[in-house]
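Each chain is listed here by its residues.
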Amino acid sequence: AQPFVLMLTLLVALTGAESFAAVFDSPAAAKALQIGDSAPPFSVKRADGAPFVFSPDHLVKPQVLIFYRGGWCPYCNMQLADLHEVESRLRQSGFDVLFLSTDKPELLYTSLKDQNKNLPYTLLSDNELKAAEAFHIAFHVDAATYAKELQYGVNLEQTTGTTLHELPVPSVFIIDKSGKIRFVYSNPDYTVRLKAHDLWVAAQPLAK
């Protein structure tokens, strides 16, 4: 399996992610990829630091990608808790469900609130926001917002392990086995998230 992973990593590096990348000046300015667009390839990290390569040309199941800000975000924790039941139902219905966070790998689970620490989710670290950039939902955090977050005890340089000062617009993408995006929810208001029931309904056309 290792040579295949290396081959896909090289494929992403040579053909994919950078040509799709976009970073916006604000969450309101972000232009998420839309229904009918091809999902871009990307490479992120698992909690143990191992690479996870997403290749839309090699999917065996439809995919649900959930981009959230990090375990430090109370609205993200509420969203993860809300999705608990539907996540298992989606997997039973033939989907892969991936949660992508800006937290660096070692913080993916430890940064979550207690009620979420033992959830059997596939959490992935997009701490360099390559996946978020590829899906056109990454934005620069301006200096005033960054300073305000520091006052609340949130230091993105510590949580991401980078100096990018970027975040994703919290978003959900459903992708079919051909690599086409079939559903998008992307809201610049980070306090409003897609509810579990609505995600379940949106996924039904691709359920087995």
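**What about the overall build of the protein?**
Next, step 1: A tally of regular secondary structure across the protein gives seven helices and ten strands.
Next, step 2: Scored against the burial criterion, the 208 residues of the protein give a buried share of 49%.
Next, step 3: Surface exposure of the protein reaches about 9900 Å², of which carbon and sulfur atoms provide 55%.

**Here's the deal with helix α7 (residues 196-203)**
Since the α-helix turns once every 3.6 residues, residues separated by three or four places project in the same direction.
Next, step 1: Of all the residues in α7, the buried ones are A196, L199, W200 and A203. Summarising the axial view, the buried residues of α7 lie within an arc of 100 degrees, below the 170-degree limit, and thus occupy one face.
Next, step 2: Residues of α7 that are buried sit in contact with β4 (63-67), α2 (74-82), α3 (84-92) and β9 (171-175).

**Section: the confidence of the model for the protein**
Next, step 1: Put simply, the protein has an average pLDDT of 91, and 90% of its residues get 70 or more.
Next, step 2: Low pLDDT (under 50) marks residues 1-20, which in the prediction has 23 contacts with non-local residues, meaning those over four places away or in another chain.

**Regarding unusual backbone geometry**
Outside of glycine, negative phi angles account for most residues, and trans bonds account for most peptide bonds.
Next, step 1: The residue L129 is not glycine, and still its phi comes out positive at about 55 degrees.
Next, step 2: Residue placement: L129 occurs in the loop between β6 (122-125) and α4 (130-134).
Next, step 3: The phi torsion at H136 lies on the positive side, around 60 degrees, for a residue other than glycine.
Next, step 4: Summarising the element assignment, H136 is placed in the loop between α4 and β7 (138-140).

**Quick look at the sheet that holds strand β1 (residues 23-24)**
Next, step 1: If you walk across this open sheet you meet the three strands as β1-β7-β8, and the pairing is mixed. Each end of this open sheet is capped by a strand with a single partner; those strands are β1 and β8 (166-168).
Next, step 2: Alignment of β7 against β8, held across three bridges, turns out to be antiparallel. Directly across from A138, in β8, lies its bridge partner P168.

**Brief notes about the side chain of R193**
Next, step 1: Counting through the fold element by element, R193 comes out in the loop between β10 (181-186) and α7.
Next, step 2: No salt bridge forms around the buried R193; measuring N to O, its nearest opposite-charge neighbour D189 is 7.5 Å away.
Next, step 3: A distance of 2.7 Å separates a polar side-chain atom of R193 from the backbone oxygen of Y190.
Next, step 4: Contact partners of R193, with chain neighbours within four places excluded, come to Y68, R69, C73, Y75, C76, Q79, P170 and Y185.

**Details of helix α5 (residues 143-151)**
Next, step 1: Of the residues flanking the start of α5, the one acting as N-cap is D142, its side-chain oxygen 3.1 Å from the backbone nitrogen of A144.
Next, step 2: Phi for G153, located one or two positions after α5, is positive at around 85 degrees.

**Notes on the packing of aromatic side chains**
Next, step 1: Under the criterion given, the structure shown has seven aromatic pairs.
Next, step 2: Centroid distance F67 to F135: 5.5 Å. Interplanar angle 55 degrees. Geometry classified as tilted. Separated by 68 residues along the polypeptide, F67 in strand β4 and F135 in the loop between α4 and β7 bring together distant segments of the chain.
Next, step 3: According to the relative accessible area criterion, F135 is buried, its value standing at 0%.
Next, step 4: Summarising the aromatic geometry, the rings of F67 and F173 are spaced 5.9 Å apart at their centres and angled 85 degrees between planes, so their arrangement reads as edge-to-face. Residue F67 is found in strand β4, and its partner F173 is found in strand β9; the two are separated by 106 residues along the sequence.
Next, step 5: For F67, a relative accessible area of 1% puts it in the buried group.
Next, step 6: Note on F173: relative accessible area 0%, which makes it buried.

About the thresholds
- Residues numbered from 1 in each chain as written.
- Predicted model: local features only at pLDDT ≥ 70, side-chain atom pairs only at ≥ 80, totals over all residues.
- Heavy atoms only, no water.
- Helix = DSSP H or I, 4+ residues; strand = E, 2+ residues; numbered from the N terminus.
- Buried < 20%, exposed > 50% of the residue type's maximum accessible area, 1.4 Å probe, protein only.
- Areas by Shrake-Rupley, 256 points an atom, 1.4 Å probe, with all protein chains shown as cover.
- Arc of directions from axis to C-beta.
- Contact = heavy atoms within 4.5 Å.
- pLDDT = per-residue confidence, 0-100.
- Pairing = 2+ DSSP bridges.
- Lys, Arg positive; Asp, Glu negative; His and termini not counted.
- Salt bridge = Lys/Arg side-chain N within 4 Å of Asp/Glu carboxyl O.
- Polar contact = N/O pair within 3.5 Å; in protein donor to acceptor, adjacent residues only side chain to side chain.
- Phe/Tyr/Trp six-rings, centres within 6.5 Å; stacked < 30°, edge-to-face > 60°.

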